[in-house]
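Chains, contacts and geometry: an overview
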Amino acid sequence: MISMKFRITATTAIAMMSVTAFASLVTEPDQKPSGPPQSVRAENVGPEGRTVVVTALTDDIFRVDNYLPGQQPPQSKTAVVREGFFTGGLMENPAMGVLTSPNGTVATLDKRTGAVTITAGKGKGIYDNGERPTDASGRKTFSLSPIGSGDAFYGGGERGYSLNLAGDTLVMYNRQNYGYTGNDPRIRQMNITMPLLVAPEGYGIMVDDYAAAEMVTSNPLTYSSESPGSLSYYFFASPEGMPGVARQVADLTGHQELPPFWSLGYISSKYGYRTEAETLGVADTLRREGYPLDGMVLDLYWYGKEQDMGRLAWDPDQWPTYRKMLADLKQRGVNMVAISQPYVLRNGRGIDNYEYLAPRGMFGKDSVGNVKEVKIWVGEGGMLDVSNPETRQWLRERYKALTDSGMTGWWGDLGEPEVHPEGMYHHNGLTTRQYHNLYGNDWSRIIYDLFKEEYPDTRLMTLMRGGTAGLQRFSVFPWSTDVSRSWGGLEPQIRIMLNSGLSGLGYMSHDVGGFAVDPANPVDPELYVRWCQLGLFSPILRTHAQQYAEPYKYPEHRDILLPLIKERYRWLPYNYTLAADNSRFGLPLVRPLGYYDEDPALLDTISDQYLWGRDVMVAPVLTQGATSRKVVFPSGTWVDINNPANIHKGGSEAVVDAPLSVLPLFARAGALLPKADYKMRNTGDYDPSRYTIDYYPVEGEYGQTSYTLFEDNRLSAQSLMKGEYALIDITADNTADGILLKVAKPQMTYKEMPARRTLTFVIHNVSRPAKVTSAAKIKQSYDKKTRTLTVTASSVELPLEINIAK
């Protein structure tokens, strides 16, 4: 039997909330606290006379501040959790202060030593001795001792070398690694670093810091930072285990809003489409070949050539009628995303912008206030100082003009920043190493604020590859940057998606097909197919490469690639519900294999499989020439989607066939998987009045399973905040005598919600039924060879019940 306790509990709670209460879950940046926090304080601690404060921000999130006389903890740039939701108790005396949460978290402050102990149940907690030494390099340092094994930690931002990060030193300084592979030591330190760790026991820690730092993940955990201010941290925990901790990460650092619906379709990208004619030609060819298409991405040639970086204007020779092109593509359902970078070069046609910005102090500066020279691979110039309000306003105006011309989304490239010279000073008073990691967040926010204020009902997609904790709240869709087009480049992508997702970046994806081409071996059709199979069940399906990027460039595998891209659209109902679960509950789309197991750490050495949501397990082939692979099954019972007669028990292993055309895919026993089983040219053809629901019962495993489908108008940026959406509960009760299928009347509603729906249930691996009945008019068929029963109820009002007698 499949248990849906977490999903049902969260869904029911949300459905009963007022719109105002729900709005607190999807917080705006800088939203003010709604009530006083509960805290305990110790003053004049130790020889330095420190102040230590433990604050219960919510029943599950606690903040610890420890600072010197005359200091105050700075306002957080990475956390946005709203205070005033703590419903627990406070006990205080001259020696001790204790905060007790109704969920079982207890925070104790020893007022004599400043030591802090926080526990949240078996194996969940930390001990902080209160000491804050300075290390030999002058960095501020503190240590936390895990209460429990401390043998496993995940997250840390974008980390590709291992899922389990325990026993290592994590460098917190964003870095680009061109052409990396899975065995490349560089991917211990990637483009988005975060001092955030999640433990499999169901708790986590985040240091409220974005300066260059190191975190030693042994016992004790030791953090050393170049921050100019005091260091604070957060402890969060959940009785719901790792899925509950995902909610705490989102509550702490910000919930990502619903994505543009088109972003869940297929997006074509290349380095780069150089002209209007080439771009239209690619779109035409994809359509002619039968590929659905929802987006295209323009690399740096939209403004001319590489040396014109910072021009931020269309090149009229290469794009003579760009407005018409964008309008025509939009009419065909193709949305355009364009690149911009943090640099304005002097050696190209960005010179006019450089000469305007430089004397106005809008670039990063040197120690005497002059423009700090930046040299990149195509020239030299200045780096936009996005901490400067005037720079932000200038950039905003350019983004607005270009968006008004028809651009749909934005791509912030090189945003680590890739080249950020030592000795640069920023408008906010921070140096290179103090500001570096936060740069991508501040840059992303320029675009986010623009859309909130100028296009408040338009959903935003911003591709960004640099930043730190909280990046997701600016509608950012990160990707794992310039990966090698090789089997070694494909290998770490699952780990990158997993650690990023556990850090709050639910939409971390990758350049499908591999970006950095080996000139000696630019094309590998087998690799391209296998990478597209991984892309099918990645948050964003976007092909991108220096050469041979589009699927029609591989005609020998058209019979595999075309159905594969179309399959992405069949999964839209399931995938869009995953997106809603991310926005509402913080759940990543890509989840570790043991995410729902009693001990998730038992499976954390397996990083070539993952869960896609709760009920689907993906086991892509990552090895050249392989036509089979070993699959490990987490707890529960699993049904082979490619051959439902094959049933696998949790805790077992099996070698499954995987010829090039097959992606090994499994459903949790009892899973109900909604699909859109009709042809689409793009997501504009999506029809919420038509669903096909695949049901995977297992003989002898009886009980009720359920799924909650999310719907809204797929356009509004405010549907969650306004409560303009529907939740449709689908249940299946499998007994020895029969199966009862139910589709409930929608909870809540939205203006465009269809009054009637056509629902098709496909019940796999069952015997021919004795009888199928329903109050609705139904049609049924049975395939004896595949043991599949299909029942369709056409144009029905919900609720719906179908009774299948065995």
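The present account deals with the structure reproduced in this document. (Residues numbered from 1 in each chain as written. Predicted model: local features only at pLDDT ≥ 70, side-chain atom pairs only at ≥ 80, totals over all residues. Heavy atoms only, no water.)

1. As for the overall build of the chain
When you go through the chain residue by residue, the secondary structure sums to 15 helices and 43 strands. For the chain, whose C-alpha radius of gyration is 26 Å, the value lies close to the compact-globule estimate of 28 Å for 806 residues. Based on the C-alpha atoms only, the size of the chain along its principal axes is roughly 80 × 75 × 50 Å. Within the chain, contacts between residues at least 6 apart in sequence are counted, and of these 70% link residues at least 24 apart. Carbon and sulfur atoms make up 50% of the accessible area of the chain, which totals about 28,200 Å². In the chain, 81 positive and 90 negative side-chain charges are present, and the distance between their average locations comes to 5 Å. (Helix = DSSP H or I, 4+ residues; strand = E, 2+ residues; numbered from the N terminus. Rg over C-alpha atoms; globule rule 2.2 N^0.38 Å. Contact = heavy atoms within 4.5 Å. Areas by Shrake-Rupley, 256 points an atom, 1.4 Å probe, with all protein chains shown as cover. Lys, Arg positive; Asp, Glu negative; His and termini not counted. Charge placed at Lys NZ, Arg CZ, Asp CG, Glu CD.)

2. Describing the packing of helix H13 (residues 558-570) against helix H14 (residues 572-585)
Two packed helices can be described by the angle between their axes and the distance between those axes. Contact pair H13 / H14: the axes reach a minimum separation of 5 Å and the direction vectors enclose 55 degrees. In this view, H13 runs oblique relative to H14, as classed from their interaxial angle. Residues Arg 568, Tyr 569 and Arg 570 of H13 touch H14, and the partners they reach there are Leu 572, Pro 573 and Asn 575. Grouping the amino acids of the contact of H13 with H14 by side-chain chemistry returns three nonpolar, one polar and two charged. (Axes fitted to C-alpha atoms, helices over the stretch in contact; angles between N-to-C directions. Parallel < 35°, antiparallel > 145°, perpendicular 65-115°, else oblique. Nonpolar A, V, L, I, M, F, W, Y, C, P; charged D, E, K, R; others polar.)

3. Things to note about the environment of Asp 608
Residue position: Asp 608 is located in the loop between strand E26 (590-591) and strand E27 (610-612). For Asp 608 and Leu 622, which are 14 residues apart along the polypeptide, the C-alpha to C-alpha distance reads 7.6 Å. Once residues lying within four places of it in the same chain are set aside, the contact partners of Asp 608 are Ile 494, Ala 619, Pro 620, Leu 622 and Arg 629.

4. Overview of the sheet that holds strand E22 (residues 379-383)
Spatially, the three strands line up as an open sheet ordered E20-E22-E21, and their pairing is antiparallel. Either end of the sheet is taken by a strand with one partner, and the two such strands are strand E20 (343-345) and strand E21 (374-376). The average undirected angle you get between the axes of adjacent strands in this sheet is 45 degrees. As paired elements, E20 and E22 share three bridges and run antiparallel to each other. Each bridged residue has a counterpart across the sheet, and for Tyr 343 the counterpart in E22 is Met 383. (Pairing = 2+ DSSP bridges.)

5. Some points on helix H4 (residues 276-288)
If you check H4, its first and last C-alpha atoms are 18 Å apart, about what 13 residues at 1.5 Å a residue would give, namely 18 Å. Among all positions of H4, only Glu 276, Thr 279, Val 282, Ala 283, Thr 285 and Leu 286 are buried. Taken together, the buried residues of H4 touch strand E17 (266-270), strand E18 (295-298), helix H5 (322-331) and strand E19 (335-340). Two residues or fewer after H4 comes Gly 290, characterised by a positive phi angle close to 95 degrees. (Expected span 1.5 Å × (residues − 1). Buried < 20%, exposed > 50% of the residue type's maximum accessible area, 1.4 Å probe, protein only.)

6. Considering H5
Because the α-helix completes a turn every 3.6 residues, residues three or four places apart line up on one side. Among the residues of H5, Met 325, Leu 326 and Leu 329 are the ones counted as buried. Relative to the axis of H5, the buried residues are bounded by an arc of 95 degrees and lie together on one face. Exposed side chains of H5 directed beyond 90 degrees from the buried face belong to Lys 324 and Gln 331. Tucked inside the fold, the buried residues of H5 contact H4 and E19. Just past H5, the residue Gly 333 takes up positive phi, approximately 85 degrees. (Arc of directions from axis to C-beta.)

7. What about the side chain of Arg 485?
Residue position: Arg 485 is located in the loop between strand E24 (462-464) and helix H10 (487-490). The buried charged residue Arg 485 lacks any salt bridge, with Glu 550 as its nearest oppositely charged partner at 8.2 Å. A polar contact is formed between the side chain of Arg 485 and the backbone oxygen of Gly 514, at a distance of 3.3 Å. A polar atom in the side chain of Arg 485 sits 3.1 Å from the backbone oxygen of Tyr 548. (Salt bridge = Lys/Arg side-chain N within 4 Å of Asp/Glu carboxyl O. Polar contact = N/O pair within 3.5 Å; in protein donor to acceptor, adjacent residues only side chain to side chain.)

8. Focus on the packing of aromatic side chains
Counted according to the given criterion, the structure contains 30 aromatic pairs. Geometrically, the ring pair formed by Tyr 595 and Tyr 596 is edge-to-face, given 5.2 Å between the ring centres and 85 degrees between the ring planes. Of the two residues, Tyr 595 and Tyr 596, neither departs from the other in class, the shared state being buried. Here the aromatic residues Trp 302, Tyr 303, Trp 314, Trp 319, Tyr 322, Tyr 399 and Trp 410 are joined through ring pairs into a cluster of three or more. It is Arg 346 that lies over the ring of Tyr 354; its NZ or CZ is 5.4 Å from the centre. Positioned over the ring face of Trp 571 is Lys 675, at 4.3 Å from the centre of the ring. (Phe/Tyr/Trp six-rings, centres within 6.5 Å; stacked < 30°, edge-to-face > 60°. Lys NZ or Arg CZ within 6 Å of the ring centre and 35° of its normal.)

9. Some details on the packing of helix H12 (residues 525-536) against H13
H13 packs onto H12 with a crossing angle of 10 degrees between their chain directions and a minimal axis gap of 10 Å. As summarised for this structure, H12 and H13 are arranged roughly parallel, according to the angle between their axes. Note on element contacts: H13 touches H12 through Ile 560, Leu 561, Leu 564, Glu 567 and Arg 568, opposite Tyr 528, Val 529, Cys 532, Gln 533, Gly 535 and Leu 536. Partitioned by chemical class, the residues of the contact of H12 with H13 number seven nonpolar, two polar and two charged.

10. A few points about the sheet that holds strand E15 (residues 221-225)
Here nine strands make up an open sheet; going across it, the order is E4-E5-E6-E7-E8-E9-E15-E14-E11 and the pairing antiparallel. What marks the edges here is a single partner per strand, and that holds for strand E4 (89-92) and strand E11 (169-172). This sheet shows a mean twist of 15 degrees between the axes of neighbouring strands, independent of strand direction. Inspection of the sheet shows strand E14 (residues 213-216) paired to E15 by four bridges, in the antiparallel sense.

11. A word on the environment of Asp 687
As for its placement among the helices and strands, Asp 687 is situated in the loop between strand E34 (672-675) and strand E35 (690-695). A C-alpha to C-alpha distance of 9.8 Å links Asp 687 and Pro 573, two positions 114 residues apart in sequence.

12. Focus on the pattern of salt bridges
Tallying each qualifying case throughout the model produces 50 salt bridges. For Arg 433, the salt bridge is made with Glu 226, and the minimal N-O distance between the two is 2.9 Å. Here the residue Arg 433 occupies a position in helix H8 (residues 432-435), and Glu 226 occupies one in the loop between E15 and strand E16 (233-237), the gap between them amounting to 207 residues. The exposure class of Glu 226 is partly exposed, given its relative accessible area of 28%.

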